[in-house]
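# Architecture and fold: a report
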Amino acid sequence: MEGFTNQITDFDFTMDGSQMATTCKDKKLRIFDTHTGSVAMEGPGHNNMKVSRVRMLKNGTILTAGFSSMSSRCLRLYDPRNLSGILKEEAVDNANGSLFPYYDPDLNLLFLAGKGDANIKFYELDNGGIFYLNQYMSGDAQRGLGMMPKRGLDSGINEIARAYKLNVAKKLVNVVPLKVPRQSKAFADDLYPDTAGYQPAINAQEFAEGKNAQPKLVSFLELQSANATSKGFTATEAKEGSLGAPVQVNGEAGAEIAALKKELAALKTEVGDVRSSLKEKSGEVEELRKENEELKGKLKSCQEEIAELQKNGIEASQVGSD
């Protein structure tokens, strides 16, 4: 792919993989045809040399996060058929750090964090608008952010996203669960609609032939079940030697994997035995501690009794001498 005159700052694909949008420090927003590599559309992006980022939304609209000509941070929506104009611009703030947009196509939510910020803002993208909802606040600035894939979320606490925040000051990663507060403990269907599963919609050979396809959707519970059993990835049928041919694990590799699994199971059993042994030992230590305390009490009583007898003996001797 050619046509860039400066550093590329971000890229993202449409849901069906047919196009790719890019942002660049040359202040241009471009859309590429992923099959030919040619520029399908080009237009002005953020009129600022600072880093801007791009996300392709489920409805086809393009969202960018960057800086305005006045160096204030903002979000923009573009029509992919005409990049000459801006559909919508939403001011964020006047901070200096570059923005990290994380888009959830299932809920049409945008999680927005900034480099050096201490907060994460939430927006809803609906009917061509950008609507601010709320924000997570903390006292520690973030250098970067990562998000847990949908399969790792906890539906039992209505967790719709989980952020991993790089806290440079404390040299650690903060785990930030983003939850919807509800009293009901029942599974919330509206928070967990069907989402992209493990099964690819097409294989590499089909893509090379010019085909496009939307992701195959599965229920959230099915996705979690596949993740829990580690059986989520299944190979599609393909001709031998084709780009999309499934990789078979057999022979020495299969035997090695089986041996490793067996070794892992043995290690887990050994760890369980060690834990049980430690629990028993801790019980014995507690009994010895109590016995030691009892002996200390008896010793103290004996010492007091001896002292009392000695005192009485001295007094008796004094009386005899008189």
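All residue numbers here refer to positions counted from 1 along the written sequence of the relevant chain. In keeping with the model being predicted, local features are shown solely for residues with a pLDDT of at least 70 and side-chain atom pairs are shown and tallied solely at 80 or more, while totals for entire chains, interfaces and linings include all residues. Note that water and hydrogens are dropped before the side-chain values are worked out from all heavy atoms of the structure.

The next subject is the overall build of the chain. Under the DSSP-based scheme used, a helix requires at least four consecutive residues in state H or I and a strand at least two consecutive residues in state E, with every element numbered from the N terminus. Regarding its fold elements, the chain presents 3 helices and 17 strands. Exposure categories follow from relative accessible area, calculated using a 1.4 Å probe and restricted to protein chains: below 20% of the type maximum is buried, above 50% is exposed, and the middle band is partly exposed. Looking at the 322 residues of the chain, the share that counts as buried comes to 30%. Any two residues whose heavy atoms approach within 4.5 Å are treated as being in contact. In the chain, 41% of the contacts between residues at least 6 apart in sequence involve partners at least 24 apart.

Our next topic: empty space enclosed by the protein. Using only the protein atoms, space was sampled on a 1 Å grid; points where a 1.4 Å probe fits but cannot get out form cavities, open sets with protein on both sides within 12 Å along at least five of seven lines form pockets, and lining residues are those with an atom within 4 Å of a point. Grid points are joined across faces, edges and corners, and a volume is the space filled by probe spheres set on the points. Counted according to the given criterion, the structure contains 2 cavities of 30 Å³ or more. Space inside the largest cavity adds up to approximately 50 Å³. As for the largest cavity, its lining consists of T23, C24, K27, K28, L29, G45, H46, N48, S52 and T64. Mapped onto the lining of the largest cavity, the elements with two or more residues apiece are β2 (19–24) and β3 (28–33). Within the lining of the largest cavity, the residues separate by chemical class into 2 nonpolar, 6 polar and 2 charged. As for the second largest cavity, its lining consists of R73, V92, D93, L99, L112, A113, D117, N119 and K121. For the lining of the second largest cavity, the elements supplying multiple residues, two or more each, are β8 (88–93), β10 (109–114) and β11 (119–126). Here the nonpolar group is Ala, Val, Leu, Ile, Met, Phe, Trp, Tyr, Cys and Pro; Asp, Glu, Lys and Arg are the charged ones; every other residue, Gly included, is treated as polar. Within the lining of the second largest cavity, the residues separate by chemical class into 4 nonpolar, 1 polar and 4 charged.

This paragraph deals with a negative patch on the surface. Together, E280, E284, E287, E291 and E294 give the surface a local cluster of negative charge. Along the chain, E294 turns up in helix α3 (residues 251–321). Patch construction takes residues with relative accessible area above 30% that form no salt bridge. Like charges are linked within 9 Å, and nonpolar side chains (Val, Leu, Ile, Met, Phe, Trp, Tyr) are linked within 5 Å. For the accessible areas, the method is Shrake-Rupley and the probe is 1.4 Å, while residue cover comes only from the protein chains on display. Basic side-chain nitrogens of Lys or Arg form a salt bridge, by our definition, when they fall within 4 Å of a carboxyl oxygen of Asp or Glu. Residues counted as positive are Lys and Arg, residues counted as negative are Asp and Glu, and His and the chain ends are not counted. Charge placement uses NZ in Lys and CZ in Arg. For Asp and Glu, CG and CD serve respectively.

Now for the nonpolar core. Generally speaking, nonpolar side chains in soluble globular proteins are found buried as a group. By nonpolar core we mean a set of buried residues, namely Ala, Val, Leu, Ile, Met, Phe, Trp, Tyr and Cys, connected to one another through side-chain atoms within 4.5 Å. F111, I120, I160 and L178 are the most contacted members of the largest nonpolar core, which totals 17 residues. For this core, the secondary-structure elements that each account for two or more residues are β10, β11, β14 (159–167) and β15 (172–179). Excluding residues that lie within four positions of it along the chain, F111 makes contacts with F100, P101, Y102, D104, I120, K121, F122, M147, I160, A161 and L178. Ranked by size, the runner-up nonpolar core spans 13 residues in total, among them L57, L77, V92 and Y103.

Turning our attention to the pattern of salt bridges. In total, this model carries 14 salt bridges according to the counting rule given. Taking the shortest distance from any N to any O, the salt bridge between E89 and R76 comes out at 2.8 Å. Separated by 13 residues along the polypeptide, E89 in strand β8 and R76 in strand β7 (residues 73–78) bring together distant segments of the chain. By relative accessible area, which is 39% here, E89 ends up partly exposed. Through salt bridges that share partners, R73, D93, D117 and K121 make up one connected network.

Here the focus is the layout of surface pockets. There is about 890 Å³ of room inside the largest pocket. Together, 32 residues line the largest pocket, and Y103, D104, P105, D106 and K150 are the ones closest to its centre. Where the lining of the largest pocket is concerned, the elements lending two or more residues are β1 (8–13), β5 (53–56), β9 (99–104), β14 and β16 (195–196). By residue number, the principal contributor to the lining of the largest pocket is β9, which donates 4 residues. When the residues that make up the lining of the largest pocket are grouped by side-chain class, the tally is 19 nonpolar, 4 polar and 9 charged. By volume, the second largest pocket is sized at about 260 Å³. As for the second largest pocket, its lining consists of L107, L109, F111, F122, L133, Y136, I160, P177, L178, K179, V180 and L191. Elements with a minimum of two residues in the lining of the second largest pocket: β10, β12 (129–137) and β15.

Note on aromatic contacts: the rings of Phe and Tyr and the six-membered ring of Trp form a pair at centre separations within 6.5 Å, being stacked when their planes are under 30 degrees apart, edge-to-face when over 60 apart, and tilted otherwise. Applying the stated criterion to the full structure yields 7 aromatic pairs. Ring plane angle 85 degrees and centroid distance 5.9 Å describe the contact between F11 and F13, whose orientation is recorded as edge-to-face. Among the residues examined, F11 registers a relative accessible area of 46% and is labelled partly exposed. With centroids separated by 5.7 Å and ring planes inclined at 70 degrees, the aromatic side chains of Y123 and Y132 adopt a geometry described as edge-to-face. Looking at Y123, the relative accessible area reads 2%, which means it is buried. Here Y132 falls in the partly exposed class, since its relative accessible area comes to 40%.

Moving on, we come to the sheet that holds strand β13 (residues 144–147). Only strands that DSSP links by at least two bridges are regarded as paired with each other. Sheet architecture is open: 3 strands sit in the order β13-β14-β15, paired in antiparallel fashion. The open sheet has two free edges, formed respectively by β13 and β15, since each of these has just one partner strand. Pairwise comparison of adjacent strand axes, ignoring direction, gives a mean angle of 25 degrees for this sheet. Across 8 bridges, the pairing between β14 and β15 is antiparallel. When the bridges of β15 are listed, A161 appears paired with L178. For every element, the axis is a line fit to its C-alpha atoms; helices are fit only across the contacting stretch, and the angle between N-to-C directions ranges from 0 to 180 degrees.

Time to look at the confidence of the model for the chain. A score between 0 and 100, pLDDT records how confident the predictor is in each residue. The predicted model of the chain averages 85 in pLDDT, with 89% of residues at 70 or higher. Taken element by element, the predicted model of the chain shows its lowest mean pLDDT in α3 (79) and its highest in β5 (96). Within the model, the stretch residues 230–250 combines pLDDT values under 50 with 26 contacts to residues more than four positions away or in other chains.

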